[in-house]
Amino acid sequence: MTKERKPAFETKCVHGAYKAGSGEPQVPPIVQNTTYRYYNAQDVAELFDLESPNFMYTRLASPTVKVLEEKVALLEGGTAGIATSSGQAATLITVLNLCNAGDHVISASNIYGGTHNLLGVSLKKLGIDVDFVDQDLPAEEILKLAKPNTKAVFGESLGNPALSILDFDKFSKVAKEIGVPLVVDNTLATPALCRPLELGADIVIQSTTKYSDGHASCVGGMIVEGGKFDWAAAGKFPGLTEPDESYHGLRFYEKFGPTAFCTRLTAVLVRDFGCAMAPLNAYLTHQGLQTLHLRMERHCENAMALAKHLQDHPMVEWVAYPGLPGDKYYELGQKYLPKGTSGVLCFGVKGGKAAGEKFLENLDLTSIVVHVGDIRTSVLHPASTTHRQLSESEQIAAGISPSLIRVSVGLESIDDIIYDFDQALAQVK
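Everything in this summary refers to the structure shown in the same document. (Residues numbered from 1 in each chain as written. Predicted model: local features only at pLDDT ≥ 70, side-chain atom pairs only at ≥ 80, totals over all residues. Heavy atoms only, no water.)

**Comments concerning the layout of surface pockets**
Volume-wise, the largest pocket comes out at about 860 Å³. The wall of the largest pocket is formed by 29 residues, among which S52, P53, A61, T263 and T266 lie closest to the centre. Sort the elements by how many residues they give to the lining of the largest pocket and helix α12 (residues 260–273) lands first, with five residues. Taken together, the residues of the lining of the largest pocket break down into 16 nonpolar, nine polar and four charged. Taken as a whole, the second largest pocket encloses approximately 390 Å³ of empty space. Around the second largest pocket, the lining comprises 23 residues; the ones closest to its centre are Y112, N160, T187, S207 and K210. Elements supplying a minimum of two residues to the lining of the second largest pocket: α4 (87–98) and β6 (203–207). Classifying every residue of the lining of the second largest pocket by side-chain character gives seven nonpolar, twelve polar and four charged. (1 Å grid on protein atoms, 1.4 Å probe; cavity = no way out; pocket = protein on both sides within 12 Å on 5 of 7 lines; lining within 4 Å. Points joined across faces, edges and corners; volume = space filled by probe spheres on them. Helix = DSSP H or I, 4+ residues; strand = E, 2+ residues; numbered from the N terminus. Nonpolar A, V, L, I, M, F, W, Y, C, P; charged D, E, K, R; others polar.)

**Observations concerning the sheet that holds strand β1 (residues 80–84)**
With mixed pairing, the seven strands of this open sheet are ordered in space as β1-β7-β6-β5-β4-β2-β3. Only two strands of the sheet have a single partner each, and these edge strands are β1 and β3 (129–133). Each neighbouring strand pair of the sheet contributes to a mean axis angle of 20°, computed without reference to strand direction. In the packing of α4 onto the sheet, the strands contacted are β1, β2 (104–108), β4 (150–156), β5 (182–185), β6 and β7 (221–225), and the crossing angle to β6 comes to about 155°. (Pairing = 2+ DSSP bridges. Axes fitted to C-alpha atoms, helices over the stretch in contact; angles between N-to-C directions. Contact = heavy atoms within 4.5 Å.)

**Remarks on helix α7 (residues 168–178)**
Looking only at α7, the buried set comprises F168, K170, F171, S172, V174, A175 and I178. Close packing links the buried residues of α7 with β2, α6 (139–143), β4, β5 and α15 (330–336). Between the side-chain oxygen of the N-cap and the backbone nitrogen of D169 there are 3.3 Å, and the N-cap of α7 in question is D167. Positive phi shows up at G179, right after α7, with a value of about 85°. (Buried < 20%, exposed > 50% of the residue type's maximum accessible area, 1.4 Å probe, protein only. Polar contact = N/O pair within 3.5 Å; in protein donor to acceptor, adjacent residues only side chain to side chain.)

**A short note on the pattern of salt bridges**
Taken as a whole and assessed by the stated rule, the structure comprises 13 salt bridges. Residue D136 pairs with K328 through a salt bridge whose shortest N-O separation is 3.2 Å. Of this pair, D136 sits in the loop between β3 and α6 while K328 sits in the loop between β8 (316–320) and α15; the two residues are 192 residues apart in sequence, bridging distant segments of the chain. The exposure class of D136 is partly exposed, given its relative accessible area of 33%. For K328, a relative accessible area of 65% gives the class exposed. Between D272 and R271 there is a salt bridge, with the nearest N and O atoms lying 2.7 Å from each other. Among the charged side chains, a salt-bridge network with shared partners connects D129, D131 and K147. (Salt bridge = Lys/Arg side-chain N within 4 Å of Asp/Glu carboxyl O.)

**Quick word on the packing of α4 against helix α5 (residues 113–125)**
The interhelical angle for the contact between α4 and α5, taken along N-to-C directions, is 40°, at an axis separation of 10 Å. Looking at the two axes, α4 sits oblique to α5. Crossing handedness for the pair α4 and α5: right-handed. Touching Q88, T91, L92, V95 and L96 of α4 are G114, T115, L118, L119 and L123, all from α5. (Parallel < 35°, antiparallel > 145°, perpendicular 65-115°, else oblique. Left-handed = near helix turned anticlockwise from the far one by under 90°.)

And the structure:
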């Protein structure tokens, strides 16, 4: 007998989490519906007691959203996934599932500006304290920030827009030493290039608005748990291990084991905060995921070509792209993202911020948008946009210099992309 073959990642993108039965839709349908009918009270009671896998209300779950959750969990290699209305919502309820008022989180400073503001400002108002740390420091220095009430360590697999690559070995060691989960935002890398759960992370989140959707058509977020963290042994997470009053004393970890984190996310956080993904957005995101493996390959290829071109351009002062030999994060990129370091690069135009602004105004094919990770090449000046709420010192700590221009390299002909950048740079005086 031959051993059963496990499908490759590319096949999972196309076929994973859904197989049509005879006479059923080949494409997962949009169930555009809010509620579900039953014929006796007992069936509904089982839904509220979390004893039934069926659906009751689309704020909590829907057939269309469920297919997407199962797909992303499969691609990330996790035990369960929860879709949310946005990437920010995914980050928010992940932290709130781990922390109560008075708790503490350690986060890498090289993270997306919106996440930095969420963790450092908004959550602080809720009584959750966050210490930001230079992720390149030795593990011993990061561990000095740990407190008895520390509940998570947070970082991005590929920092946005600093393009710093997380040292998974170091950060997972830190998290294990403290006895808390390592939470990793995998938005820019996607599971096509990096699978944090295989590298020591316990929970992975992403904004599906970016590469997962790929077409700038819908906003969404995703949380996937690895299923291996021992919530009881940690002794720090009563929401998962102690009786829940709103479910008649149910203990989530005792009952649901490797899917306890995601089960509680839905049963408590999505229930109470209402940050569910809409069925139509789930449908469109699922459509995008079916070509994720192909798109990420081309994004990486085009980004590398543009990075090399800009590196030799007389009007360019510096280029940051982890795929370039000599880049600060090149070695970590080869170790953790050997298939490519995504489609985002950063550079600075000679002449500083004013010259960079002139360059942006001269672009034609390339769009100036507050977005990243879709099929169209786009640029942004983070210091004056996505990270403008941070002080200059906080921006620098996050890897954002005043001259930094972030480029999300699309799927157009690389020759056309390079031509557009060359003509725009030529007009900078």
